[in-house]
Amino acid sequence: MTVDVLTFGCRLNAYESEALKSRAGEAQLRNTLVINTCAVTAEAVRQSRQAIRKAKRENPARRIIVTGCAAQISPQSYAQMPEVDAVLGNGEKLTAQAYADFARTDFGVDAAEKIRVNDIMSVAENAPQMVDHFDGRTRAFLQVQNGCDHRCTFCVIPFGRGNSRSVPLGAVVQEARRLVEKGFPEIVLTGVDLTSYGADLPGAPGLGTLVEKILGLVPELKRLRLSSLDAIEADSVLMRMIAAQERLMPHFHLSAQSGDDMILKRMKRRHSRADVIAFCETVRRQRPEAAFSADMIAGFPTETEAMFENSLSLVDDAGFSRLHVFPYSPRPQTPAARMPQLPRAAVKERAVRLREKGEAALAARLDGLKGSRHTVLMERGGIGRTPCFTPVEIGDVAHGTFLPVAITGRRNAHLTGAPV
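Residues numbered from 1 in each chain as written. Predicted model: local features only at pLDDT ≥ 70, side-chain atom pairs only at ≥ 80, totals over all residues. Heavy atoms only, no water.

Draft legend 1. Representation of the packing of aromatic side chains. Applying the stated criterion to the full structure yields five aromatic pairs. Ring pairs connect the aromatic residues Phe154, Phe300 and Tyr328, which therefore count as one cluster. Its end group placed over the ring of Phe389, Arg385 keeps NZ or CZ at 4.2 Å from the ring centre. (Phe/Tyr/Trp six-rings, centres within 6.5 Å; stacked < 30°, edge-to-face > 60°. Lys NZ or Arg CZ within 6 Å of the ring centre and 35° of its normal.)

Draft legend 2. Region of the structure containing the packing of helix H12 (residues 273–286) against helix H13 (residues 305–318). For the pair H12 and H13, the least separation of the axes is 10 Å and the interaxial angle reads 15 degrees. Classified by the angle their axes make, H12 and H13 are roughly parallel. Taken as a pair, H12 and H13 cross one another with a handedness that is right-handed. Along the contact surface, H12 presents Arg273, Val276, Ile277, Cys280 and Arg284, while H13 presents Asn310, Ser313, Leu314, Asp317 and Ala318. Split by residue class, the contact of H12 with H13 holds five nonpolar, two polar and three charged. (Axes fitted to C-alpha atoms, helices over the stretch in contact; angles between N-to-C directions. Helix = DSSP H or I, 4+ residues; strand = E, 2+ residues; numbered from the N terminus. Parallel < 35°, antiparallel > 145°, perpendicular 65-115°, else oblique. Left-handed = near helix turned anticlockwise from the far one by under 90°. Contact = heavy atoms within 4.5 Å. Nonpolar A, V, L, I, M, F, W, Y, C, P; charged D, E, K, R; others polar.)

Draft legend 3. Quick peek at the pattern of salt bridges. Taken as a whole and judged by the stated rule, the model has 27 salt bridges. A salt bridge links Arg178 to Glu175; the nearest nitrogen and oxygen atoms lie 2.8 Å apart. In this pair, Arg178 and Glu175 are both assigned in helix H8 (residues 169–181), three residues apart and thus about one turn of the helix distant. Classification of Arg178 by relative accessible area gives buried; the value is 16%. Between Glu305 and Arg353 there is a salt bridge, with its nearest N and O atoms 2.7 Å apart. Of this pair, Glu305 sits in helix H13 while Arg353 sits in helix H14 (residues 344–368), and the two are 48 residues apart along the sequence. Assessed through its relative accessible area of 21%, Arg353 is described here as partly exposed. (Salt bridge = Lys/Arg side-chain N within 4 Å of Asp/Glu carboxyl O. Buried < 20%, exposed > 50% of the residue type's maximum accessible area, 1.4 Å probe, protein only.)

Draft legend 4. Summary view of the sheet that holds strand S2 (residues 32–37). With parallel pairing, five strands are arranged side by side in an open sheet as S1-S2-S3-S4-S5. A single partner strand is all that each edge strand has here, and the edge strands are strand S1 (3–7) and strand S5 (115–116). As judged from the two bridges shared by strand S4 (residues 86–88) and S5, these two strands associate in the parallel manner. Directly across from Leu88, in S5, lies its bridge partner Arg116. Against the sheet, helix H1 (residues 11–26) engages S1, S2 and strand S3 (63–68), with an angle of about 165 degrees to S1. (Pairing = 2+ DSSP bridges.)

Draft legend 5. Broad picture of unusual backbone geometry. Look at Lys268: it is not a glycine, yet its phi comes out positive at around 65 degrees. Along the chain, Lys268 falls in the loop between helix H11 (261–267) and H12. Exposure remark for Lys268: the relative accessible area of 51% places this residue in the exposed category.

Draft legend 6. Geometry of the sheet that holds strand S17 (residues 402–411). The strand order S14-S15-S16-S18-S17 describes a closed barrel built from five strands, whose pairing is mixed. Strand-to-strand twist in this sheet, taken as the mean axis angle between neighbours without regard to direction, amounts to 55 degrees. In terms of strand pairing, strand S16 (residues 391–393) meets strand S18 (residues 414–419) through two bridges, oriented parallel. In the sheet register, Val392 faces S18, and the bridge partner there is Leu415.

Draft legend 7. Representation of the side chain of Asn36. Topologically, Asn36 is positioned in strand S2. For Asn36, a relative accessible area of 0% corresponds to the buried category. From its side chain, Asn36 meets the backbone oxygen of Asn13 in a polar contact 3.2 Å long. Engagement of the side chain of Asn36 in a polar contact is seen with the side chain of Ser17, the distance being 3.0 Å. With residues up to four places along the chain from it excluded, the contact list for Asn36 reads Leu6, Thr7, Phe8, Asn13, Glu16, Ser17, Leu20, Thr67, Gly68 and Lys93. (Polar contact = N/O pair within 3.5 Å; in protein donor to acceptor, adjacent residues only side chain to side chain.)

Draft legend 8. Broad picture of the packing of helix H10 (residues 236–244) against H12. Axis separation between H10 and H12 bottoms out at 8 Å; the angle between their running directions is 35 degrees. The hand of the H10/H12 crossing is right-handed. Here Met239, Ile242 and Ala243 of H10 come into contact with H12, specifically with Phe279, Thr282, Val283 and Gln286. Class assignment for the residues of the contact of H10 with H12 results in five nonpolar, two polar and no charged.

Draft legend 9. Fine view of the nonpolar core. Residues Leu189, Val211, Phe279 and Phe320 are the most contacted members of the largest nonpolar core, which totals 61 residues. The dominant element in this core, judged by the number of residues it contributes, is H8, at six residues. The residues touching Phe279, leaving out its near neighbours within four places in the chain, are Leu229, Ala231, Ala234, Met239, Phe252, Leu254 and Phe292. Within the second largest apolar cluster, 23 residues are counted, among which are Phe8, Cys38, Ile64 and Ala70. (Core = buried A, V, L, I, M, F, W, Y, C linked by side-chain atoms within 4.5 Å.)

This is the structure:
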């Protein structure tokens with residue numbers, strides 16, 4: 001029996017799950033489930049603990065290793081669970097040595113011996129993970145940055161990921177070239193705070209310079225995507241690349257969080273409402289076909305109904321067509337947890353309204369695409385993705401194929417299309 005991985009949370013966690021699966025395989029670890037946790041919300045932590053108990057009930061003989069951000073932040077809470085055999089930190093989970101130690105010996109017998117978690121703030125470098133397999137996907141993820149130097153008042157992720165650190169530019173280009181040679185036509189650059197890329201490297205090359213080098217030095221790469229961006233940190237080179245490079249896909253996911261300036265200040269965000277709108281307007285002038293999505297938090301402490309209405313109206317003012325909505329939940333160690341809290345019922349109700357706003361915006365965009373033509377990259381299951389990452393139901397076409405299609409309509413959150 002081999003190693004299985006259960007992943008919670010972000011794309012970066014998904015990328016690292018593929019890497020840690022490889023590292024555990026190198027160590028010849030057997031009959032083990034690794035649970036890669038997320039700490040972004042209290043609900044994510046609850047779900048991970050629920051999954052641990054369920055996994056042990058279903059297979060009592062299988063050993064369980066818990067890792068990820070929640071394990072890094074609160075290792076003792078997982079080590080005290082009788083179902084858990086070991087807890088690895090975010091640094092340790094990517095080393096074959098950590099798994100080799102478990103492969104050679106029995107796991108720890110008490111909570112203290114279970115824990116292999118070091119100080120994440122002491123990690124000063126970030127190396128490419130050389131991941132070759134992405135569960136049959138047509139696109140590859142490439143981690144170029146980790147950690148965060150900012151301290152948003154609602155966020156515990158810096159305590160799980162450490163300070164910002166970047167993969168050297170040359171190593172990123174080399175890894176991108178290797179992934180293309182492995183057959184991936186599309187690469188997604190990922191990081192905890194992607195737009196801070198390069199600030200810790202010699203010469204401080206920005207994300208725009210990285211994009212420029214990848215597209216220039218790896219001409220065989222058909223598509224390059226960016227994961228979540230901070231609009232205020234988009235550098236001038238990146239904006240030039242967005243305007244000039246058709247191989248840089250025109251879908252941009254923004255860490256907006258709120259549409260109200262006072263709430264943004266209380267979140268300790270670095271942008272204003274106007275900054276988000278200006279970014280979208282600038283990009284749309286350069287790439288009229290661009291699509292925008294955003295992370296938004298509903299029910300942040302002190303948020304009034306008028307402040308929440310500003311978040312709702314930001315969807316229209318910025319032109320978002322998809323939302324990832326988080327109902328606010330207080331996280332230990334964060335300043336926001338000490339602010340006046342809203343009733344949970346109000347938080348949940350606002351999250352529902354914000355999701356409904358996002359669903360309406362998505363439906364309007366998809367309906368507006370009927371009759372348009374796009375080149376889609378086919379995935380498994382007869383689904384292709386447009387350059388703006390919109391899913392299109394096509395039918396039985398080999399995955400990895402680029403296919404010109406005409407959009408015929410919409411089925412729920414998917415487009416329907418036919419080859420042309």
